[in-house]
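Observations on the three-dimensional arrangement
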Amino acid sequence: MIFTEPSYEIMTQISNGGEEELREIEAIARTCYKSQNSECIGDTAKFVDGLIRRGHLAMLEHSKLTVKFTCDRCISHEIVRHRMASFAQESTRWCNYAKDRFGAEITFITPDLSDADDPEQARIHFDMAAKVCESCYMYLVNDQHVSAQLARRILPHALKTEIVVTANYREWMHIFELRTKADCDPQIRDLMTALLNDLRERLPIIFDRVG
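Now for a quick tour of the structure. (Residues numbered from 1 in each chain as written. Predicted model: local features only at pLDDT ≥ 70, side-chain atom pairs only at ≥ 80, totals over all residues. Heavy atoms only, no water.)

**Some thoughts on the packing of aromatic side chains**
Stated precisely, the cut-off is as follows: Stacked, tilted and edge-to-face pairs are distinguished by plane angle, under 30 degrees for stacked and over 60 for edge-to-face with tilted covering the rest, among Phe, Tyr and Trp rings (Trp via its six-membered ring) whose centres lie within 6.5 Å. Counting from the N terminus, the helices are the DSSP runs of H or I reaching at least four residues and the strands are the DSSP runs of E reaching at least two. By definition here, charges over rings are those cases where NZ of Lys or CZ of Arg is within 6 Å of the ring centre and within 35 degrees of the ring normal.
By the definition in use, this model includes eight aromatic pairs. Ring geometry for Tyr-97 versus Phe-102: centroids 4.9 Å apart, planes at 65°, classification edge-to-face. Their ring planes at 80° and their centres at 5.9 Å tell us that Phe-176 and Phe-207 sit as a pair that is edge-to-face. With a gap of 31 residues between them, Phe-176 in helix H6 (residues 169–179) and Phe-207 in helix H8 (residues 204–207) connect regions that are remote in the sequence. Three or more aromatic residues link up through ring pairs in this structure, and these residues are Phe-69, Tyr-169, Trp-172, Phe-176 and Phe-207. Its end group placed over the ring of Phe-3, Arg-123 keeps NZ or CZ at 4.5 Å from the ring centre.

Written as structure tokens, this is what we have:
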């Protein structure tokens, strides 16, 4: 049994300061105004910032950003609710955690039990439950020769999963607006807040106003 922390990886290569990405958005948006030969061309950041300030966010839908999250199944269930995105997720149907390539053990996401009356005792009981799930899964697969796609039903929401999410900038802005609020699940809030801060450094024109 292994515990790991939630994390993310930005899979899309973003140019320095997002210059290439902003130039592409500008070139696309200027089609609307037929201003490709405008004498004001040159300040791409200012142009894209103006689009966002005016609410012309449809131009951001021509973009693409792909991020891989490592999280538990609770969080992945929330992520896939954003239907204006594409997903690829670690499959419990095809991934047999009893096999050597998984270390013949199950990986869980470290739980956030900060609101427990006794966090230490809460963690002890959480670990006990995770261990029982792992033990029963291994028994079903190894001793009873149950297939992974059937044995997976005993796996808990705390199971570690990897999910790749691809969406345009406008949808990512919407995701951040919803998933960084104070009343969100703490793990998705922390994960999305960290990603948002990262993107503010890489693409400030797009993401500085979010949140």
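After presenting the structure, the write-up continues.
**Looking at unusual backbone geometry**
Note the following rule: Residue burial is assigned from relative accessible area. The probe radius is 1.4 Å, only protein chains are included, and a residue is buried under 20% of its type maximum, exposed over 50%, and partly exposed in between.
Notably, Ala-104 is not glycine yet its phi reads approximately 50°, a positive angle. Locating Ala-104 in the fold gives a position in the loop between strand S4 (86–89) and strand S5 (107–109). Even without being glycine, His-145 reaches a positive phi, approximately 55°. Position of His-145 relative to the elements: it lies in the loop between helix H4 (119–143) and helix H5 (148–151). Relative accessible area serves as the criterion here: at 66%, His-145 is assigned to the exposed category.

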